[in-house]
Amino acid sequence: KTLRYFSLWNQAVALLLSELRPDVYHCMDYHAAMAPLYLSPETQLPVILVLHNADYMGVIETDFICDRFWKTVSHLRRLSLIFNVEISTIRKYCMFEGRFNMLKACVTYIRETQAGHGICGVAYNYAVELEREKTLFAGLPHLIALDNATDPSDDANAEIDKLRSQRFESKAALQKYCGLDEDPGAKILIFIGRWVKQKGVDHIAMLTPVFLRSHPEVQIVLAGPPDDSCGLFAGELLAGLGDEFKGRLFVCTKFFKLTEDLRRGAHLCFTPSCSEPFGYVDVEFGLLGVPSVGAAIGGLGKMPGVYFRQQNSDDSKSLIDSFFCSVDHALNLPDTEYWEMALNATKADFPFDTWRANLSGSYSKAITNFKSFAGEGNLLFDAQQHADAGTREVLNEAMAPRKATVLRRMSSTAQVAHQMRILDIDEDAEFLTQPVSDDRTHELMREAIFQGQMKGKVKDAEQLQSQICQADQRLTERSHMTQWLMKPFARGLCLRIHVVIALGYIFSPVGETLLKSMDVRARSNTLASEHALWITFYMGAGCGCLLWLFLSRGIPPNLLMASSQLLNIIFFVLVPSLPGEFFESPFSTLTYLGLCGLQSTSRLLFIVWNFNEDFHGGFQVAAKRIGVLESLRSCVGWISVNLSYAGLEFINRNLVLVVSLGTTVLLFKAPQCYASYVLPSTGILEGMTHKSFILLVFAEFLNMLSAYPSQTYTLWWTLNGFEPGEIAGFALLTGFMAPVMLTAIFALLAKMNRWGPWAMR
């Protein structure tokens, strides 16, 4: 029903645009972003897209919608039918990172008709942040800043003494209104707004008892309606604090409005947002002489206050530590510094003339760069076609997976399945559902908070939400083996399926191990040069990267990883066991090594999918996990060299055989997220212009340049008179030292990411 509403809304807006023919269509956020898709080439017009909150893109968060085995899934056909646009149009304009995204429609339209000119952010810093961090806006020439305007403060010419007297009177009124203890020396910290993750309300709730216990003079007012699971979490966490902090804490989980005179009574305004487009709350309080304390992100930081910089927005501990440090610093400011900051806040100016000039400039830029885009029609059918064909015929044609032909007929089962999809439409059956309802999430969080308080340790909202999603998926799985794979490993360090995938990565360096082995070295002296072996191997690796990327777009990851493990067995265990005549010709040897190179790049699959079903921790989890994986993989490689020099090559082969067969069987029983989804399709150059991607490519170049000399050390040592036993001993020592050293290096990288935290004025 929600999707039908947005479909009707966007088609109605498009009809108005076609009839009224304005000079510019001023589109605000995602709600009517699909309207340009319904315009014919003759009625197309310039568009500006003003982003008031790009975190909300009109995205269906519940499901990935990807073509499995390069066949159109039924979900995509239903979306095409609901929005009355062709499937190709949905793919091109509304699919982003594997999910349906309404905002992308307008962004893509502006790219095509206006060369990317005409997308605006409501603050300069927010526009810069969107260009830097949101992949949807990557490659745009410029995001226009439209800083919001507001009336100046009535206290712009006031002195500090007047602000003090106003604070004294307003504080007493605010304490009486909220039922707080009437204490003239109290410092009231306040947050009023939507209780959502974006506003950082869960972090406020977790730190509220800490602030009240560490600062006896503090009183806190928190009000607003919970709008997501983090808001529900905050409400439940704060509900149990009323008795302990009676007279010092006021909590209202409903819409709450304070007059200007009451707002003047606050000492600081909480703004620990994870993302903030403009931030009207800090302006409203700042113009009344109440500084802000929170994160300097997006539109925040423009008003005088105490702020912290986010080092990692995915790490709750880092954000909570930084927020606490900022609040503690603000509460301990000298009185003169605080009132100078409050006075400067009242003098902030956001003039309407500047806003009007910027808006007119964005209109002019959109009109100047506009060129009508002549293409095929986007509509699935028009009203006349619908009337002529009838509803049933239209549904049959739109939902048909393919048309039956003489050479390829549809089976009876396929026809029945098709009719069942039609009946689902007739009965208004939901085809995109939320795994866990909001009510159930609320109950689960309430119980988790109660259990955490009993144990003295409450988990943060993001971690609880991740566990709820994983638990729901475990309950929906029918196979006992799959349920076992979804259970935690090592007291919650990761899931067991992650360990299975990690084993596939650790034992994946087939080609490198072969190039290290003495047998291949001996053959290279008589059949092909060592340089030819390396060139062939890495040419195969280059082709393998493209091949595995292509296959990832249509084949579920568990099948790809299982195929990689089967190739592991073939190239590492079976082929080396063939008679020696097989390697007598240079062609067979080089072909074999080229295929080994192709297979060895499949290890990247295990890295990518090792982080699936892992929503918590961000960079810290990635750094630690990659450090462990790389160290263990290096350890296996060095030990395999040691076994080769010791004449125990059969141990290598048997070990790889056992691991590969075991992981292959378990991967076929992988959870649904590994068996139902594929890698989302992206543009060829999408993301490649990011600095992080360029640095990653440069690092990989350096890694490949160092790979050759690191692999030929055995030959160099042999020429210098070292015995095979000595080389094997060195390899064994390195194999045991590598995990310790690499794990320490990656742990330091994670530690460096959490420098500070320090508050800044």
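Cut-offs applied
- Residues numbered from 1 in each chain as written.
- Predicted model: local features only at pLDDT ≥ 70, side-chain atom pairs only at ≥ 80, totals over all residues.
- Heavy atoms only, no water.
- Patch = residues over 30% accessible without salt bridge, like charges linked within 9 Å, V, L, I, M, F, W, Y side chains within 5 Å.
- Areas by Shrake-Rupley, 256 points an atom, 1.4 Å probe, with all protein chains shown as cover.
- Salt bridge = Lys/Arg side-chain N within 4 Å of Asp/Glu carboxyl O.
- Lys, Arg positive; Asp, Glu negative; His and termini not counted.
- Charge placed at Lys NZ, Arg CZ, Asp CG, Glu CD.
- Helix = DSSP H or I, 4+ residues; strand = E, 2+ residues; numbered from the N terminus.
- Pairing = 2+ DSSP bridges.
- Contact = heavy atoms within 4.5 Å.
- Axes fitted to C-alpha atoms, helices over the stretch in contact; angles between N-to-C directions.
- Buried < 20%, exposed > 50% of the residue type's maximum accessible area, 1.4 Å probe, protein only.
- Core = buried A, V, L, I, M, F, W, Y, C linked by side-chain atoms within 4.5 Å.

**Q** Account for a negative patch on the surface, naming residues and giving values.
**A** A grouping of Asp151, Asp154, Glu260 and Glu284 is seen on the molecular surface, where their side chains present a negatively charged patch. For Asp154, the position within the fold is in the loop between strand S6 (144–145) and helix H6 (160–178).

**Q** An account of the sheet that holds strand S5 (residues 119–121) is requested, with residue identities and associated values reported.
**A** Strand order in the open sheet formed by 4 strands is S1-S2-S5-S6, and the pairing between neighbours is parallel. Each having just a single partner strand, strand S1 (25–28) and S6 make up the two edges of the open sheet. With 3 bridges connecting them, strand S2 (residues 47–51) and S5 associate as parallel partners. Its bridge partner lying in S5, Leu51 is registered against Gly121. With respect to the sheet, helix H13 (residues 352–369) is in contact with S1, S2, S5 and S6, its orientation differing from that of S2 by roughly 140 degrees.

**Q** Kindly report on the pattern of salt bridges, identifying the contributing residues and their values.
**A** Per the counting criterion, the structure on display carries 10 salt bridges. In this structure, Lys134 engages Asp55 in a salt bridge whose closest nitrogen and oxygen atoms are separated by 3.0 Å. Remark: Asp55 occurs in the loop between S2 and helix H2 (74–83) and Lys134 occurs in the loop between helix H5 (124–133) and S6; sequence separation between them is 79 residues. Between Glu112 and Lys92 there is a salt bridge, with the nearest N and O atoms lying 2.8 Å from each other. Of the two residues, Glu112 is situated in helix H4 (residues 102–114) and Lys92 in helix H3 (residues 87–94); the sequence distance between them amounts to 20 residues. By relative accessible area, which is 38% here, Lys92 ends up partly exposed.

**Q** Lay out the nonpolar core with the relevant residues and their values.
**A** Ranked by size, the top nonpolar core spans 69 residues in total, and within it Phe83, Phe100 and Phe137 carry the most contacts. Here the element with the most residues in this core is H4; it accounts for 7 residues. For Phe83, the contacting residues outside a window of four places in its chain are Leu3, Phe6, Ser7, Gln11, Met34, Tyr38, Phe100 and Met102. Membership of the second largest hydrophobic core comes to 48 residues, among which are Phe191, Ala330, Val436 and Ile449.

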